[in-house]
Amino acid sequence: MTGFPHWYTEGLEHIWLPYTQMKTATPPLPVISADGVRLTLADGRRLIDGISSWWAAAHGYNNPHITAAMKAQIDTMPHVMFGGLVNEPALTLATRLAGLLPGDLNRVFIAESGSVSVEVAMKMAAQYFMNRGEKRSKFVHFRGTYHGDTLGTMAVCDPEEGMHGMFAGMLAKNILADLPKTVAEAEAFTVFLKKNAHDVAAVITEPLVQGAGGMRFFEPETLRWLRAACDEAGVLLVVDEIFTGFYRTGTRFAIEQAGIVPDMVTLSKGLSGGVTPLSACIARETVFEAFYDDSPTKALMHGPTYMGHALGCAAANASLDLYEQADYGVRVAAIETQLKAELAPCRTLPNVKDVRVKGAIGVVQLADASGLERLKPLFVEKGVWIRPFRDIVYLTPPMVIEPDDLSVLTAAINSVLAGV
């Protein structure tokens, strides 16, 4: 490849890219820097990022407050093992998260990736019942849901979505259900859950938005119905806020719109502002109490090498500062209003099935997605980074994006979809 830096041409001979058929895929774009809401490519082009690096870069790139916090921490202590030792950034982060989440969600397990935090939640739920003398090995999960790519999390994703279907024979057998969206469906789900409760450790769901499953929205009532059904059946409720947490749906956490307290919440992505791998599983005090015992066998035997990563926790604390210093709820409300207005013209296009917006999420769903791959370079030509998937073209911009830049993104979607 002529005209590309040597690290790019040489590195592509050795790297293995995600979600990519390496033989046939269009070569990825080499990024050399990122600042604010823009990515700079090796050839000098600058793209407005409409995806926030898979929804994580909530504050944009190179935020000076986060950068300063990380620089100070790396000079002091970037990492120390969390077995028998702790560090100030991790304990401060745990205290702050416990204060932000509702009810008695007080016990914070800090890990690396979002998938790991879900694995931890599942392990906590299963051992919660083991420690009480019950063996419950299954999880109720929902169609359209995605929770990660590790073996445990694949087993609670929608098996019909295609991403993990080939691994079905090696995954744990859980219970797939439809999200209840009416009173009658909620009543039927409660009966169903009570019938299976003897074998169910937890119900696990994304709140309000099923992200990687196609950006499907549902109402807060569904979360309230799930909470009530779990209470009636004596089953734990795990809510995966990895995508929705930190104002993406308009409130700090999506569960606030339903007014519920899950038994466990998982966080990642916007937690660190998208600058370093970091996740957390936060459990209610009642869950923690089942592990708090004189017997060592009742301890949670889980400990990632980079658990409580001091550098990552310093970034997360700086990220929380930013959420507190500026009213992100107001910012997201403005983004939502603009997305609704500027994506509305897409409704008149012949191949558009639906247009929907919630918080800082804008979605244009296509009736025929067979030409989706052709759209990606067309967006780059418009000076934007938009990465369609499944049957949707979507925006999850950094929440610091200015109206003019957001208009460039929405105009690109209108123009590209009108042209094809």
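Look above for the structure.
Attention in this report is confined to the structure presented alongside it. The model shown is predicted, which means the values in this text are computed figures rather than measured ones. (Residues numbered from 1 in each chain as written. Predicted model: local features only at pLDDT ≥ 70, side-chain atom pairs only at ≥ 80, totals over all residues. Heavy atoms only, no water.)

Concerning the pattern of salt bridges
Cut-off, in case you're wondering: Criterion for a salt bridge: a side-chain nitrogen of Lys or Arg within 4 Å of a carboxyl oxygen of Asp or Glu. Helix and strand labels come from DSSP, where a helix needs a run of H or I of at least four residues and a strand needs a run of E of at least two; each type is numbered from the N terminus. Relative accessibility decides the category of a residue: with a 1.4 Å probe and only protein chains considered, values under 20% of the type maximum give buried, values over 50% give exposed, and everything between is partly exposed.
Summed over all chains, the structure comprises 18 salt bridges. Linking Glu 324 and Arg 96 is a salt bridge whose minimum nitrogen-to-oxygen distance equals 3.3 Å. One end of the pair, Glu 324, is in helix 10 (residues 310-325); the other, Arg 96, is in helix 4 (residues 88-100), with 228 residues separating them in the sequence. In this structure, Asp 354 and Arg 356 form a salt bridge, with 2.9 Å as the shortest nitrogen-oxygen distance. Exposure remark for Asp 354: the relative accessible area of 27% places this residue in the partly exposed category. According to the relative accessible area criterion, Arg 356 is buried, its value standing at 14%.

Comments concerning unusual backbone geometry
Positive phi values are uncommon outside glycine, yet Ser 52 reaches one of about 60 degrees. Relative to the assigned elements, Ser 52 resides in helix 2 (residues 52-55). Looking at Ser 52, the relative accessible area reads 0%, which means it is buried. A positive phi angle is found at Lys 269, which is not glycine, with a value near 40 degrees. Within the secondary structure, Lys 269 sits in the loop between strand 11 (264-267) and strand 12 (279-284). According to the relative accessible area criterion, Lys 269 is partly exposed, its value standing at 24%.

Considering the sheet that holds strand 2 (residues 38-41)
Worth spelling out the cut-off: Any two strands with at least two DSSP bridges between them are considered paired. Contacts: residue pairs with any heavy atoms within 4.5 Å of one another. A fitted line through C-alpha atoms represents every axis, and for helices the fit uses only the stretch in contact; the resulting angles, taken between N-to-C directions, go from 0 to 180 degrees.
In space, the four strands of this open sheet follow the order 1-2-3-15, with mixed pairing throughout. With one partner strand each, in any of the chains shown, strand 1 (31-35) and strand 15 (384-385) form the two edges of the open sheet. In this sheet, strand 2 lies alongside strand 1 in antiparallel orientation, the contact comprising four bridges. Each residue of the ladder has a partner; that of Ala 34, found in strand 2, is Leu 39. Taken strand by strand, helix 13 (residues 403-419) contacts strand 2, strand 3 (46-49) and strand 15, and its axis lies near 90 degrees from that of strand 3.

Describing the pairing of strand 16 (residues 392-395)
With burial as the criterion, each face of strand 16 is covered, one bearing Ile 392 and Tyr 394 and the other bearing Val 393 and Leu 395. Relative to strand 16, strand 14 (residues 361-366) is paired through four bridges, and the arrangement is antiparallel. By the bridge assignment for strand 16, Gln 365 is matched with Ile 392.

Focus on the side chain of Lys 358
Our working rule: We count Lys and Arg on the positive side and Asp and Glu on the negative side, and we leave His and both chain ends out. Nitrogen and oxygen atoms within 3.5 Å of one another constitute a polar contact, given that in protein one can donate a hydrogen and the other can accept it, and given that sequence-neighbouring residues count only through two side-chain atoms.
Along the polypeptide, Lys 358 turns up in strand 13 (residues 352-358). Put simply, Lys 358 is tucked away with no salt bridge, and the nearest opposite charge, on Glu 336, sits 5.6 Å away. For Lys 358, the side chain forms a polar contact with the side chain of Gln 257, separated by 3.3 Å. Those residues in contact with Lys 358 that lie beyond four places of it in its chain are Leu 208, Val 209, Phe 217, Arg 248, Thr 249, Gln 257 and Glu 336.

Focus: the sheet that holds strand 13
Pairing is antiparallel in the open sheet, where three strands are placed in the order 13-14-16. Strands with a single pairing partner mark the edges of an open sheet, and in this sheet they are strand 13 and strand 16. On average, each strand axis in the sheet is inclined to that of its neighbour by 10 degrees, with strand direction left out of account. Contacting strand 14 and strand 16, helix 12 (residues 372-381) crosses the sheet at an angle of about 35 degrees to strand 16. Against the sheet, helix 13 touches strand 13, strand 14 and strand 16, its axis set at about 165 degrees to strand 16.

A word on the nonpolar core
The test is simple: Among buried residues, the Ala, Val, Leu, Ile, Met, Phe, Trp, Tyr and Cys ones that are joined through side-chain atoms within 4.5 Å form a nonpolar core.
Grouped together as the largest cluster of nonpolar side chains are 93 residues, with contacts concentrated most on Leu 193, Ile 413 and Leu 417. With eight residues, the top contributor of residues to this core is helix 10. Those residues within four positions of Leu 193 in sequence are excluded, and the remaining contacts are Val 140, Val 200, Val 203, Ala 229, Cys 230, Ala 233 and Val 235. Phe 109, Ala 111, Met 264 and Met 307 belong to the second largest nonpolar core, which has 26 residues in total.

Some details on helix 5 (residues 114-131)
Counted only if it meets this: A helix is expected to span 1.5 Å multiplied by its residue count minus one.
The end-to-end C-alpha distance of helix 5 is 25 Å, a good match for the 26 Å that 18 residues give at a rise of 1.5 Å each. Most of helix 5 is tucked away: 15 of the 18 residues are buried. Immediately downstream of helix 5, the backbone of Gly 133 shows phi near 90 degrees, a positive value.

Regarding the side chain of Gln 365
Counting through the fold element by element, Gln 365 comes out in strand 14. Overall, Gln 365 belongs to the buried group, its relative accessible area being 13%. Side chain to side chain, Gln 365 and Arg 356 meet in a polar contact 2.7 Å long. Engagement of the side chain of Gln 365 in a polar contact is seen with the side chain of Asp 391, the distance being 3.0 Å. When neighbours within four sequence positions are excluded, Gln 365 is seen to be in contact with Asn 351, Val 352, Lys 353, Asp 354, Arg 356, Asp 391 and Ile 392.

Some points on the packing of aromatic side chains
Heads up, the condition is: The aromatic pairing rule takes the rings of Phe, Tyr and Trp, using the six-membered ring of Trp, and pairs them if the centres are within 6.5 Å, calling planes under 30 degrees apart stacked, those over 60 edge-to-face and the rest tilted.
Enumeration over the complete set of coordinates arrives at 15 aromatic pairs. Aromatic side chains Phe 4 and Tyr 8 sit 4.9 Å apart centroid to centroid with 20 degrees between the ring planes, which places their arrangement in the stacked category. The class of Phe 4 is partly exposed, set by a relative accessible area of 38%. Consider the rings of Tyr 247 and Tyr 328, whose centres lie 6.0 Å apart with planes at 45 degrees: the pair is tilted.

Thoughts on the packing of helix 3 (residues 64-76) against helix 10
Pairs of packed helices are described in terms of their axes, by the angle between the two and the distance that separates them. What counts, and what does not: Should an angle lie under 35 degrees it is considered roughly parallel, over 145 roughly antiparallel, and from 65 to 115 roughly perpendicular; all remaining angles are considered oblique. Crossing handedness follows the turn of the near helix against the far one: under a right angle anticlockwise gives a left-handed crossing, and clockwise gives a right-handed one. In the scheme used here, Gly and all other residues not listed as nonpolar or charged are polar, with Ala, Val, Leu, Ile, Met, Phe, Trp, Tyr, Cys and Pro taken as nonpolar and Asp, Glu, Lys and Arg as charged.
At a minimum axis separation of 8 Å, helix 3 and helix 10 run at an interaxial angle of 150 degrees. As judged from the angle between their axes, helix 3 and helix 10 are roughly antiparallel. Crossing of helix 3 over helix 10 shows right-handed handedness. Along the contact surface, helix 3 presents His 65, Ile 66, Ala 69, Met 70, Gln 73 and Ile 74, while helix 10 presents Ala 310, Leu 311, Ala 314, Ala 315, Ala 318, Ser 319, Asp 321, Leu 322 and Gln 325. When the residues that make up the contact of helix 3 with helix 10 are grouped by side-chain class, the tally is 10 nonpolar, four polar and one charged.

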